[in-house]
Amino acid sequence: MALLPILRFPDPRLKKVALPITNVDNGIRRLAADMAETMYEAPGIGLAATQVDVHKRLMVIDVSEEKNALCVFINPEIVNQAGSETGEEGCLSVPGIYDKVERAAEVTVRYLDLDGKPQQLAADGLLAVCIQHEIDHLNGKVFVDHLSQLKQTRIRNKMAKQARVTA
Ligand code: NI
């Protein structure tokens, strides 16, 4: 396994729309394992392939306290959603920035597992938020895009400052 570099907002590669995975092979399973390792090491609760500059529809999530409940979603698609909830979000691609985003409170997601088998999952709470956040990434969107223009400008400036400090 290997740790993968995570793209930082406002890297334009975060805006790419990821393509569906047509064949769940060992390359995809290896990518999922590397992404999980990268997510746990960061540490984070979710990571989309877009964030490691691979533009395929794959994302990993683990919202458990013990970090022992890895979920891998291939070609995830929300087929049902209900309610709305506003919660504070952060992102490994936007380190140090947290803000409130409104999301559906409950979602049902269809996806393929690591064997290429179709699965369906109904989620609420943090898992539902995380699923929506990661699918956004696969569609070239970061949570910052949900905020006001003023906040987006502030975040861009802050990220530019951070990049200068760590460069
Ligand atoms: Ni994110």
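The following paragraphs examine the structure supplied in this document. (Residues numbered from 1 in each chain as written. Predicted model: local features only at pLDDT ≥ 70, side-chain atom pairs only at ≥ 80, totals over all residues. Heavy atoms only, no water.)

## Focus on the environment of Leu47
Formally: Each helix is a run of H or I in the DSSP string that is no shorter than four residues. Each strand is a run of E no shorter than two, and both are numbered from the N terminus. Pairs of residues are marked as contacts when any of their non-hydrogen atoms sit within 4.5 Å.
Among the secondary structure elements, Leu47 is positioned in strand β1 (residues 46-48). Along the primary structure Leu47 and Lys141 are separated by 94 residues, whereas in three dimensions their C-alpha atoms are 13 Å apart. The residues contacting Leu47, other than those within four sequence positions of it, are Ile6, Met35, Thr38, Met39, Val52, Met59, Val60, Leu92 and Glu134.

## Some remarks on the environment of Met1
Residue position: Met1 is located in the segment before α1 (26-41). For the pair Met1 and Met35, spaced 34 residues apart in sequence, the C-alpha to C-alpha distance is 9.0 Å. The residues touching Met1, leaving out its near neighbours within four places in the chain, are Ala33, Asp34 and Glu37.

## Side note on the sheet that holds strand β6 (residues 106-112)
Put simply, the rule reads: Only strands that DSSP links by at least two bridges are regarded as paired with each other. Think of each axis as a best-fit line through the C-alpha atoms, taken over the contacting stretch in the case of a helix, with angles from 0 to 180 degrees between the N-to-C directions.
In space, the five strands of this open sheet follow the order β1-β2-β3-β6-β7, with antiparallel pairing throughout. With partners counted over all chains shown, the strands left at the sheet margins are β1 and β7 (118-124), one partner each. Direction aside, the axes of adjacent strands within the sheet are offset by 40° on average. Bridge count between strand β3 (residues 71-82) and β6: six bridges; the pairing is antiparallel. Its bridge partner lying in β6, Gln81 is registered against Val107. Of the strands in this sheet, β1, β2 (58-61) and β3 are in contact with α1, which crosses β2 at around 40°.

## Remarks on unusual backbone geometry
Note: most residues except glycine have negative phi, and most peptide bonds are trans. A cis geometry characterises the amide bond from Phe9 onward to Pro10, with omega recorded as 5°. Among the secondary structure elements, Pro10 is positioned in the segment before α1. Residues Ala42 and Pro43 are joined by a peptide bond in cis, for which omega reads -10°. One can find Pro43 in the loop between α1 and β1. You will see that Asp53, though not glycine, has its phi angle at about 65°, which is positive.

## Description of helix α3 (residues 149-166)
Going by this rule: Each helix should span, by expectation, one fewer than its residue count multiplied by 1.5 Å. The buried label applies to any residue whose accessible area, calculated with a 1.4 Å probe on protein chains only, is under 20% of its type's maximum; exposed applies above 50%, and partly exposed to all values in between. Summarising the geometry, the arc corresponds to the directions from the helix axis toward the C-beta atoms.
The end-to-end C-alpha separation of α3 is 26 Å, in line with the 26 Å expected for 18 residues at 1.5 Å each. Considered for burial, the residues of α3 that qualify are Gln152, Ile155 and Met159. Considered in projection along α3, the buried side chains sweep an arc of 60° and stay on one side of the axis. In α3, the exposed residues that point more than 90 degrees away from the buried face are Leu150, Arg154, Lys161, Arg164 and Val165.

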